[in-house]
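# Topology and contacts: notes
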Amino acid sequence: AQKVTQAQTEISVVEKEDVTLDCVYETRDTTYYLFWYKQPPSGELVFLIRRNSFDEQNEISGRYSWNFQKSTSSFNFTITASQVVDSAVYFCALSANFGNEKLTFGTGTRLTIIP
Amino acid sequence: DTGVSQNPRHKITKRGQNVTFRCDPISEHNRLYWYRQTLGQGPEFLTYFQNEAQLEKSRLLSDRFSAERPKGSFSTLEIQRTEQGDSAMYLCASSQMTSGSYNEQFFGPGTRLTVL
């Protein structure tokens, strides 16, 4: 069975601070994909990143960066110099094989950026 | 607009009534997924199709739920004899399945169901 745990239910930071969202996963598959999605107040899930289980390189995209550590089964997401527009619920998700199978989501972390 | 669309966006119904939701995927996508999201939770997988074939159903999908994708294009999700516990956001996603490569799922805006 697959499981994704996002222990942080809610986080509030002041604008321009850095913030890290934690994600821990469980799977028996040797090949899998990890994802982060953003769900703004409008409700539509927005894809942010995917990472396959063979690629442990960290990735940076603008103010966003991701730290994948297979040894600790974690896939953490950091926002640098946070902005009010970053306020949303963020979900970490897991999928088997090539990622064309069902997604198993965590319970999400609600991030509030205080102006 | 070429994204995933869902109709209606909101549905309020009385307990015991039947409801049907529609999802139109991105036109060239052969895979279509249904998820359910309750308040404060992440989306939970319900079922998915490849073209018109329903390939997997979650245990969450009770006998009161049925999904179809008759021509491999749009899909419908019907809930019979609705219960208050069915109140949730129903999300549809689509992707293009190609052998040996990954294509992410694109989500629609969801249909919010409220059962009174």
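Structural data are supplied above this passage.
Parameters and conventions
Starting from 1, residues in each chain are numbered consecutively following that chain's sequence as written. Here chains are named by letter from A upward and ligands by number from 1 upward, in the order in which they appear as written. Confidence filtering applies because this is a predicted model: local features only for residues at pLDDT of at least 70, side-chain atom pairs given and counted only at 80 or more, and all residues used for totals across whole chains, interfaces and linings. Only hydrogens and water are set aside; all other atoms, that is, all heavy atoms of the structure, feed into the side-chain values. Secondary structure counts use DSSP, requiring at least four H or I residues in a row for a helix and at least two E residues in a row for a strand, with both numbered from the N terminus. When we talk radius of gyration, it's over C-alpha atoms, and the globule rule is simply 2.2 Å times the number of residues to the 0.38. Categorising residues by exposure relies on relative accessible area from a 1.4 Å probe, with only protein chains included: less than 20% of the type maximum marks a residue as buried, more than 50% marks it as exposed, and the intermediate range marks it as partly exposed. Working rule for contacts: check all heavy atoms of both residues, and any pair within 4.5 Å makes them a contact. Two strands are counted as paired when DSSP detects at least two bridges linking them. Each axis is a line fitted through C-alpha atoms, and for a helix only the stretch in contact is used; angles between axes span 0 to 180 degrees, taken between their N-to-C directions. As used in this structure description, the phrase polar contact means that two N or O atoms lie within 3.5 Å; if the pair is within protein, one of them must be able to donate a hydrogen and the other to accept it, and residues adjacent in sequence are counted only when both atoms belong to side chains.

## What about the overall build of chain A?
- Looking only at helices and strands, chain A has zero helices and twelve strands in total.
- Each helix (α) and strand (β) of chain A, taken in turn from the N terminus, gives the series β-β-β-β-β-β-β-β-β-β-β-β.
- Rg of the C-alpha trace for chain A: 14 Å, near the compact-globule value of 13 Å for 115 residues, within the 12% margin.
- A principal-axis box enclosing the C-alpha atoms of chain A has dimensions of 45 × 25 × 20 Å.
- Per-residue burial over chain A gives 44% buried out of 115 residues.
- Within chain A, contacts between residues separated by at least 24 positions form 56% of all contacts whose residues are at least 6 apart in sequence.

## Some points on the sheet that holds strand β7 (residues 65-68) of chain B
Residue and element names in this part refer to chain B.
- The strand order across the open sheet built from four strands is β1-β3-β8-β7, with neighbouring strands paired in antiparallel fashion. What marks the edges here is a single partner per strand, and that holds for β1 (5-7) and β7. Across the sheet, the mean angle separating the axes of adjacent strands is 15° when strand polarity is ignored.
- Here strand β3 (residues 19-24) runs beside strand β8 (residues 75-79); their pairing, made up of five bridges, is antiparallel. By the bridge assignment, V19 is partnered in β8 with I79.

## Observations regarding the side chain of B:H29
All names here are of chain B.
- Residue position: H29 is located in the loop between β3 and β4 (31-37).
- There is a polar contact of 3.3 Å between the side chain of H29 and the backbone nitrogen of S95.
- Residues contacting H29, with those up to four places away along its chain left out, are R69, S94, S95, Q96 and F106.

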